[in-house]
Amino acid sequence: MTFFDRYIPRFPMIAISDYRRKAIKRLPKQLVDFLEGGAFDEVTIRKNSEDFQKIQLKRKVLKDVSNIDMSTEILGQKLSFPLALSPIGFAGAYARRGEVQAAIAAAKAEIPFSLSTVGICSIEEIAQSSSTPFWFQFYMFKDRHYSLELLKRAQDARCPVLLLTVDLPIAGARYRYHRSKNSPKAITYLKEMMHLKWWIDVYLCGRPLTIGNLPTDAPAMSDLPSMRKWMGSQISQNLTWNDFEWIRANWKGKILIKGILESEDALMAQKVGADGIIVSNHGGRHIDGTSSTIEALPKIRDVLSGDFKILIDGGITSGLDIFKALALGADACMIGKPWIYGLATRGEVGVSEILTILRNELKIVMTHFGISTIPEINRSLVQIH
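The paragraphs below set out a description of the structure included in this document. What you see is a predicted model, and the numbers here were worked out from it, not measured in a lab. (Residues numbered from 1 in each chain as written. Predicted model: local features only at pLDDT ≥ 70, side-chain atom pairs only at ≥ 80, totals over all residues. Heavy atoms only, no water.)

Considering the overall build of the chain
Across its full length, the chain holds 16 helices and 12 strands. For 385 residues, the compact-globule formula gives about 21 Å, and the C-alpha radius of gyration of the chain, at 20 Å, lands near that figure. Seen along its three principal axes, the alpha-carbon backbone of the chain occupies a region of about 60 × 55 × 40 Å. Sorting the 385 residues of the chain into buried and exposed places 55% on the buried side. Residue pairs at least 24 apart in sequence account for 73% of intrachain contacts in the chain once pairs closer than 6 positions are excluded. When the accessible surface of the chain is summed, it comes to about 17000 Å², and 55% of that surface belongs to carbon and sulfur atoms. (Helix = DSSP H or I, 4+ residues; strand = E, 2+ residues; numbered from the N terminus. Rg over C-alpha atoms; globule rule 2.2 N^0.38 Å. Buried < 20%, exposed > 50% of the residue type's maximum accessible area, 1.4 Å probe, protein only. Contact = heavy atoms within 4.5 Å. Areas by Shrake-Rupley, 256 points an atom, 1.4 Å probe, with all protein chains shown as cover.)

Observations concerning the sheet that holds strand S7 (residues 161-165)
Pairing in this open sheet of 8 strands is parallel, and the strands run S4-S11-S10-S9-S8-S7-S6-S5 from one edge to the other. Edge strands, defined here as strands with exactly one partner in the open sheet, are strand S4 (83-85) and strand S5 (114-115). The strands touched by helix H7 (residues 144-156) within the sheet are strand S6 (135-138) and S7, with S6 carrying the most contacts at an inclination of about 170°. (Pairing = 2+ DSSP bridges. Axes fitted to C-alpha atoms, helices over the stretch in contact; angles between N-to-C directions.)

Thoughts on empty space enclosed by the protein
This model, assessed by the stated rule, comprises 1 cavity of 30 Å³ or more. Of the volumes computed, that of the largest cavity is approximately 40 Å³. Along its surface, the largest cavity is lined by Ala103, Ala106, Ala107, Ile111, Pro112, Phe113, Ser130, Thr132, Pro133 and Phe134. In terms of residue class, the lining of the largest cavity is made up of 8 nonpolar, 2 polar and no charged. (1 Å grid on protein atoms, 1.4 Å probe; cavity = no way out; pocket = protein on both sides within 12 Å on 5 of 7 lines; lining within 4 Å. Points joined across faces, edges and corners; volume = space filled by probe spheres on them. Nonpolar A, V, L, I, M, F, W, Y, C, P; charged D, E, K, R; others polar.)

Describing the packing of aromatic side chains
Counting across every chain of the model gives 8 aromatic pairs. Centroid distance Phe141 to Tyr146: 6.2 Å. Interplanar angle 80°. Geometry classified as edge-to-face. The two residues Phe141 and Tyr146 agree in class, both being buried. Between Trp199 and Tyr203, the ring centres sit 5.6 Å apart and the planes meet at 15°, which makes this aromatic pair stacked. Taken together, the residues span about one helical turn, with Trp199 and Tyr203 both in helix H10 (residues 196-204) at a distance of 4 residues. Each member of the aromatic cluster is reached from another via a ring pair, and the members are Phe34, Phe90 and Tyr177. Positioned over the ring face of Trp246 is Arg144, at 4.6 Å from the centre of the ring. Sitting over the face of the ring of Phe34, Arg228 holds its NZ or CZ atom 5.8 Å from the ring centroid. (Phe/Tyr/Trp six-rings, centres within 6.5 Å; stacked < 30°, edge-to-face > 60°. Lys NZ or Arg CZ within 6 Å of the ring centre and 35° of its normal.)

Structure follows, in structure tokens:
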């Protein structure tokens, strides 16, 4: 990051949308399309955001809001406010050693960072860079030897929570991204060089640009595309609820099952012994035509009992969205693209600024609606149109 990026933004950076605009200008088009693009006609990716607008809040006045406490606890971990960073594949392609910068920013904000299995930075690199334990997002491999290795590496790094992702048995029909990816290599390279700050920061100074969590005995591969293709080919397509017992037996920490959209699957997750779920449709990136996550959330909350934790990702771009999700039954929220916007724009500083914006926005909303603590946020505060 240059002196000017750190201290002299070119225009006021006030809302998440400001960082998105700056990130899109800074990044090569192929990376933008990978981040922003969805599957098929991208209906679900739009619904994830649009359905939040259908939720109307009921305002309560003349409440004592002189002392707002946004802290909460998720799976034994104290959070300064109910947010975590979602796992994003290849985040290190958006800024130099991007996962490390994001993990440090999350630790400073006292919220969890989640490392993707297909991150550029390895489990060990994150652990060495931040003393704060982070969460690890896990895909089940066809070869359980590979799976065991990853689980052991994450446990050795003291990761307290495993995010078992179950909604990606195969890569989706991501037309926008594939149009960019299939451009001639020479043209792609020239376009990358035109984004000079990114090219210097990532392409020249951010190496190695490889998947950091490849199994140690994976075949030799020379570049990121071949690694990406190999990893995709290794994801299990025969994973069932019966396999959860094997995962539980080989993981000592907490487990969140990521990718739940239906009530019956939520109930199964609770029945097999997960510690919670993440209501997610993978951001609408790999399949289209599903419900939005905020639409699915209250139905799932209604069928679950006890202290079973529910997190949600998809479409959350403001503290107002966080408040609405909490009111409809989430214990905490997760963000993906917003933290990448901050990372791409201003590295660790940008991620910290994104988190500060969301924290401040949530505090404003809680104050206006007469809410002093997170447990007070409930469904009586919302109305869905």
